Amino acid sequence: MEQPPIGDVFGEMIRDAYAVRTGVGPRPLAGGRVPRPVIEIIERDDGLINGAPADHYLDDPAAWQPHDHRAMKLCRGQVLDIGTGAGRVAVELQRRGIAVTGLDTSPGAIEIARRRGLRDTVVTTVDAYASGAATRYDTFLLLGNNLGLLENHDRAPVLLEALARLANPGARIVAQGTDPYGTTDPVHVAYHRRNRERGRIGGQLRLRLRYRLLATDWFDYLNCSPAELSSILTGTRWRLTAIDDQDRPYYLAVIELMQ
């Protein structure tokens, strides 16, 4: 079977979701006339395929989860919103008068974030940004389950060191994660077991995203328990100082730079 071309899957999807929501711009059509819902396809390396509407990436605060609102209260100083996407969180922080930079690797998503009014944006990786940025930050946001960007045991220390280089003294990471181990779904339980047998973290996902004709490369994305997160931080310049698990299995982790 022919493999799909690699491209800016997230950007194409967000552009279409924004066009469907606003009625402005070209939209994916069914039968040439009716706008189709924009669906994000997530493919896992065991063959599992899930789909979810992409419109939530554009949600205003009225539609947010409770933990998103609590995360906003943990922001202080200069904020770097990592994986900002369409600027869902960053635009609201800016509206509140908080200095915020939205960072994403997707040019298409950043284009929409700018169209939605986000003023300070960067299209790059955290690693590249840390090598040349003059700005230093007090809060790093990894919301929308973006604790997953730690990826795995090998990648996490590299990302955390890059954030330390971007940090002011006393900086914190506010990250939203998912504890994957409450499930009884045999498909997921078998996947956790398979991961451990391969020397991986149980909830470590191997994924690619699909949208229309495009795909991403395969990448790791981490779901882990708070205890596993604490272990991952061992040996880095960061320590886990608080867990808010009021919305289990979702949680907020506050991770602070050690002095």
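Residues numbered from 1 in each chain as written. Predicted model: local features only at pLDDT ≥ 70, side-chain atom pairs only at ≥ 80, totals over all residues. Heavy atoms only, no water.

Regarding the sheet that holds strand E14 (residues 250–257)
For clarity, the cut-off: DSSP-based pairing: two strands are paired if at least 2 bridges between them are found. The numbering of helices and of strands both runs from the N terminus, where a helix is a DSSP run of H or I of at least 4 residues and a strand a run of E of at least 2. Here an axis means a line fitted to C-alpha atoms, over the contact stretch when the element is a helix, while the angle between two N-to-C directions is reported on a 0 to 180 degree scale. It only takes one pair of heavy atoms within 4.5 Å for two residues to be counted as in contact.
Across the sheet, seven strands lie side by side as E7-E6-E5-E8-E9-E14-E13; this open sheet has mixed pairing. Pairing within the sheet leaves two strands with one partner each, and these edge strands are strand E7 (121–123) and strand E13 (238–244). Looking at each pair of strands side by side, their axes are set apart by 20 degrees on average, direction ignored. Bridge count for strand E9 (residues 167–178) against E14 is seven bridges, and the pairing is antiparallel. Of the residues in E14, the one forming a bridge with Ile173 is Ile255. Contacting E13 and E14, helix H8 (residues 226–233) crosses the sheet at an angle of about 165 degrees to E13.

Quick look at the pairing of strand E3 (residues 39–44)
In the sheet, E3 pairs with strand E4 (residues 49–53) via five bridges, with the strands oriented antiparallel. In the strand pairing of E4, Glu43 is matched with Ile49. Where E3 folds back on E4, the antiparallel hairpin that results is connected by four residues, among which Gly47 adopts a positive phi of roughly 100 degrees. Taken together, the four bridges between E3 and strand E10 (residues 204–211) define a ladder with antiparallel strand orientation. Residue pairing across strands places Glu43 opposite Arg208, the latter belonging to E10.

Let's talk about the side chain of Glu92
In plain terms, the rule: Burial here depends on accessible area, computed with a 1.4 Å probe over protein chains only, as a share of the maximum for the residue type. Under 20% is buried, over 50% is exposed, and the range in between is partly exposed.
Positionally, Glu92 belongs in helix H3 (residues 88–95). Look at Glu92 and you get buried, because its relative accessible area is 8%.

Concerning helix H7 (residues 186–197)
Rule in force here: Helix span, as expected, comes to 1.5 Å for every residue beyond the first. Read the arc as the range of directions from the helix axis to the C-beta atoms. Side-chain atoms alone can form a polar contact between residues adjacent in sequence; in general such a contact is a pair of N or O atoms within 3.5 Å, and within protein one must be able to donate a hydrogen while the other accepts it.
Spanning 12 residues, H7 covers 16 Å between terminal C-alpha atoms, matching the ideal 16 Å at 1.5 Å per step. Listing the buried residues of H7 in full gives Tyr191, His192 and Asn195. For H7, the angular spread of buried residues about the axis comes to 100 degrees, placing them on one side. Summarising the geometry of H7, the exposed residues directed more than 90 degrees from the buried face are Pro186 and Glu197. Its buried side turned inward, H7 meets E3 and E10. N-capping of H7 is provided by Asp185, with a side-chain oxygen placed 2.9 Å from the backbone N of Val187. Two residues or fewer past H7, Gly199 is found with a positive phi of approximately 80 degrees.

Purely geometric stuff here, so don't read any function into it on its own.
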